[in-house]
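Fold and contact review
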Amino acid sequence: MITAHRLRVPGATLHYETRGAGPALLLLPGAGGDAAVLDPVADALADTFTVLTHDPRGYSRSTLDGPPAEQRVGVHADDALRLLDAVAPGEPAYAAGGSSGAIVTLDLLARHPERLRGALAHEPPSWSVLPDAAEQLAFFQEVYDTFRTEGLGAAGERFMRGVGPVLLPMPAQDPLPERARAMRERLLANAPLALQYEHRSFAAYVPDLDALATASDRLTLAAGTGTRGHLPYRPAALLADRLGLPLAAFPGAHNGWSTHPAETAELLRTHLLGDTR
């Protein structure tokens, strides 16, 4: 059963949901995503964890106190910490995120390692760590400029040309459940907000490698088998190499958590709870 909650945080009110029983596991969505995006994975993990999902500030049902503004990784990680404190006060928990959610996971672990028993970051788009960082950050600026001058559709096409075929088709649902239909409507409204206020600032985020090295025994970096050879694979592989960690192989591509939820849930359970090294 999914239980919905509200949490006041500085500058926003967060919508979050819990299900299951056991140690707390916070699942963090990618840019423009919300709690319902993670439903299939969260459902599969609810027999092991108290699974916590949320709509990041400014998206879907999580409202800002003022107008939209540039989003910062540290603020989202602070929100994640407050969510864990609300659900599991004083208890070490787990966190896992994909895409932008992976960046938030890295920041949360780097700044609050005592709060996490384990963390998994799936394809964090931290272009700042790459040798060609300036080129990749310029690409994200180009996507933004295209959005401003030509609209969301043209910006999406430019984005996909740059990152490659890493967003695979979603499993068909006929008829589409009401919760999924409502989610898709929210994601359409979130997409321009993500392009305007999140993509560029998150892409420029520089992970604290020294802090992550100290907590590397609790960190798994992961990438989809279908992303290999494309841009979103590279930061995870480079970070794993610099931290002396193996790169965990997950099914699917950049959106593998949505296309392969059962396999993803099992791998999350294994990497967070088991010694795979």
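Look above for the structure.
Residues numbered from 1 in each chain as written. Predicted model: local features only at pLDDT ≥ 70, side-chain atom pairs only at ≥ 80, totals over all residues. Heavy atoms only, no water.

Time to look at unusual backbone geometry. Residue Ser60 is not a glycine yet carries a positive backbone phi of 50°. With respect to the helices, strands and loops of the structure, Ser60 is situated in the loop between strand 4 (50-55) and strand 5 (63-64). (Helix = DSSP H or I, 4+ residues; strand = E, 2+ residues; numbered from the N terminus.)

Attention shifts here to the packing of helix 2 (residues 73-87) against helix 3 (residues 100-111). Remark: helix 2 packs on helix 3, axes separated minimally by 9 Å, with the N-to-C direction vectors making an angle of 70°. Judged by the inter-axis angle, helix 2 sits roughly perpendicular to helix 3. Together, Val73, Gly74, His76, Ala77, Asp78, Ala80, Leu81 and Leu84 of helix 2 and Ile103, Val104, Asp107, Leu108 and Arg111 of helix 3 make up the contact between the two elements. For the contact of helix 2 with helix 3, the per-class residue count stands at 8 nonpolar, 2 polar and 3 charged. (Axes fitted to C-alpha atoms, helices over the stretch in contact; angles between N-to-C directions. Parallel < 35°, antiparallel > 145°, perpendicular 65-115°, else oblique. Contact = heavy atoms within 4.5 Å. Nonpolar A, V, L, I, M, F, W, Y, C, P; charged D, E, K, R; others polar.)

With the rule as written, the count across this model stands at 2 cavities of 30 Å³ or more. The space that makes up the largest cavity amounts to roughly 90 Å³. Pro29, Pro56, His76, Gly101 and Val104 are, among the 13 residues lining the largest cavity, the residues nearest its centre. It is helix 3 that provides the largest number of residues to the lining of the largest cavity, a total of 3 residues. For the lining of the largest cavity, the class distribution of residues is 7 nonpolar, 5 polar and 1 charged. The space that makes up the second largest cavity amounts to roughly 50 Å³. As for the second largest cavity, its lining consists of Arg57, Gly58, Tyr59, Leu64, Pro68, Ala69, Gln71, Leu193 and Tyr197. Classifying every residue of the lining of the second largest cavity by side-chain character gives 6 nonpolar, 2 polar and 1 charged. (1 Å grid on protein atoms, 1.4 Å probe; cavity = no way out; pocket = protein on both sides within 12 Å on 5 of 7 lines; lining within 4 Å. Points joined across faces, edges and corners; volume = space filled by probe spheres on them.)

Honestly, that's just the spatial picture; any functional story needs more than this.
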